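Per-entry structural report
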Amino acid sequence: MIYTLTTNPAIDMNINTKTLKPSHVNRTDEVVYTPNGKGINVSFVLRHYGIESKILGFFGGFSGHYIVDEIRKRDYVIEPVWIDDEITRINIFINSNGEEYKLVNKGGNVNSEKQQELLDMIKSKDDCTHLSISGSLPAGIDESYYHEILKICKEKGIEIILDISSKELKELLKYEPLLIKPNDDEIKEVFGMEITDENSVKEVMKHLHGLGAKNVLMTMGAKGLYFSNKEKIWFCDAPKITLLSSACSGDSCLAAFLSEWLMGKDIEYALKKASATGANVAESMAIGDLKKVDKYIESLNIKEVK
Ligand SMILES: O=P(O)(O)OC[C@@]1(O)O[C@H](CO)[C@@H](O)[C@@H]1O
């Protein structure tokens, strides 16, 4: 069973507005509230593609209850660690005249007792084959927490999937995660390496594998994505779309990829599905209905980077 861990969930408030002026009452055109957080988004899209997963995370206050209730209404198994006296954050994504404004808040404080509760929960899981960890850490949790989680995974033989932007990612590769999903900006920030051409991609992949990553899915938004399994590197282009909101796009891309790749299916199709899904989400508010994915897949091209 795949488990997703969202250490810092959020209600996403997705707003569409033609006017966004300072010192002005901006009456918006559309607003969509969705129960989210990066790992939760992965679970949603996995289910869309027929793969079940279970959801873990820290939740608190009215907003935490809203997220957990919504997820339970959709019949997911979610095991929340409830944080006392703290409210799960609400993040705001504004789309106005082709521009995106992303207001991502910190998240409630998680004390050491609650941190331990989650670690004990992971330790107690006997059905967990893969743990997909996504997103930022909330207040009160130090980066060293990742090490504690990953040590438990190693001991229990749980395969690790990491989609985190933390600088600690570099140090975490020694736990040999099955897959990491950085984007090109994170590669620059965390590893100080810039993607300029195919040679730089080869260098980056070699470096990441050298540090311990078994597989790397590197996303680059409208520029496409690369996947490396240490033996080969593939590139997949991206469909041309009109961007509405890039929120949830990377998480959905990862889930689409996992839905094929973890099942041992064709790698080229998995990459096309990942690219098509990320693009279709980026032209929607929140995750959207993913209805254009099949059409986009037909238009995509894969090439091997030699
Ligand atoms: O602060 P993090 O965890 O990095 O990002 C959280 C978040 O912005 O990412 C998701 C989209 O990818 C949203 O659903 C959510 O609000």
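Residues numbered from 1 in each chain as written. Predicted model: local features only at pLDDT ≥ 70, side-chain atom pairs only at ≥ 80, totals over all residues. Heavy atoms only, no water.

An unreviewed UniProt entry lists the protein under the name 1-phosphofructokinase, with Sebaldella termitidis as the source organism. Per UniProt, the comment on the protein under Sequence similarities (unreviewed entry) is "Belongs to the carbohydrate kinase PfkB family." (UniProt positions renumbered as here; feature names shortened; annotations may be inferred.)

**With respect to the pattern of salt bridges**
A full pass over the atoms with the stated rule returns 18 salt bridges. With its nearest N and O atoms 4.0 Å apart, the salt bridge here joins Asp289 to Lys291. Under the relative-accessibility criterion, Asp289 is labelled partly exposed at 46%. What emerges from the salt-bridge pattern is a single network uniting Lys232, Glu304 and Lys306. (Salt bridge = Lys/Arg side-chain N within 4 Å of Asp/Glu carboxyl O. Buried < 20%, exposed > 50% of the residue type's maximum accessible area, 1.4 Å probe, protein only.)

**Some thoughts on the site of the ligand**
The immediate surroundings of the ligand are formed by 14 residues, with Asp12, Lys38, Asn91, Ser136 and Asp251 found nearest. Measuring from an oxygen atom of the ligand, one finds a side-chain N or O atom of Lys38 at 3.0 Å. A distance of 3.2 Å is found between an oxygen atom of the ligand and a side-chain nitrogen or oxygen belonging to Asn41. Coverage of the ligand by the protein chains reaches 90% of its 400 Å² of free accessible surface. Here the shell around the ligand is composed, by residue class, of 4 nonpolar, 6 polar and 4 charged. (Near = heavy atom within 4 Å. Polar contact = N/O pair within 3.5 Å; in protein donor to acceptor, adjacent residues only side chain to side chain. Areas by Shrake-Rupley, 256 points an atom, 1.4 Å probe, with all protein chains shown as cover. Nonpolar A, V, L, I, M, F, W, Y, C, P; charged D, E, K, R; others polar.)

**Things to note about the sheet that holds strand 6 (residues 90-96)**
Note: strands within a sheet are paired through backbone hydrogen bonds, in either parallel or antiparallel orientation. Here we have 4 strands laid out as an open sheet, ordered 3-2-6-7, and mixed in their pairing. Unpaired on one side and paired on the other, strand 3 (30-36) and strand 7 (99-103) mark the two borders of the sheet. On average, each strand axis in the sheet is tilted by 15° relative to the strand beside it, whichever way the strands run. Here strand 2 (residues 10-16) runs beside strand 6; their pairing, made up of 6 bridges, is parallel. The partner of Ile15 across the bridge, within strand 6, is Ile94. Where helix 2 (residues 61-73) meets the sheet, it contacts strand 2, strand 3 and strand 6, and its direction lies at approximately 80° from that of strand 3. (Pairing = 2+ DSSP bridges. Helix = DSSP H or I, 4+ residues; strand = E, 2+ residues; numbered from the N terminus. Axes fitted to C-alpha atoms, helices over the stretch in contact; angles between N-to-C directions. Contact = heavy atoms within 4.5 Å.)

**Describing the UniProt feature "domain: Carbohydrate kinase PfkB" (unreviewed entry) in the protein**
As recorded in UniProt, the feature "domain: Carbohydrate kinase PfkB" (unreviewed entry) lies at residues 11-285. Along residues 11-285 the backbone is 38% helical and 23% strand, and the end-to-end C-alpha distance reaches 13 Å.

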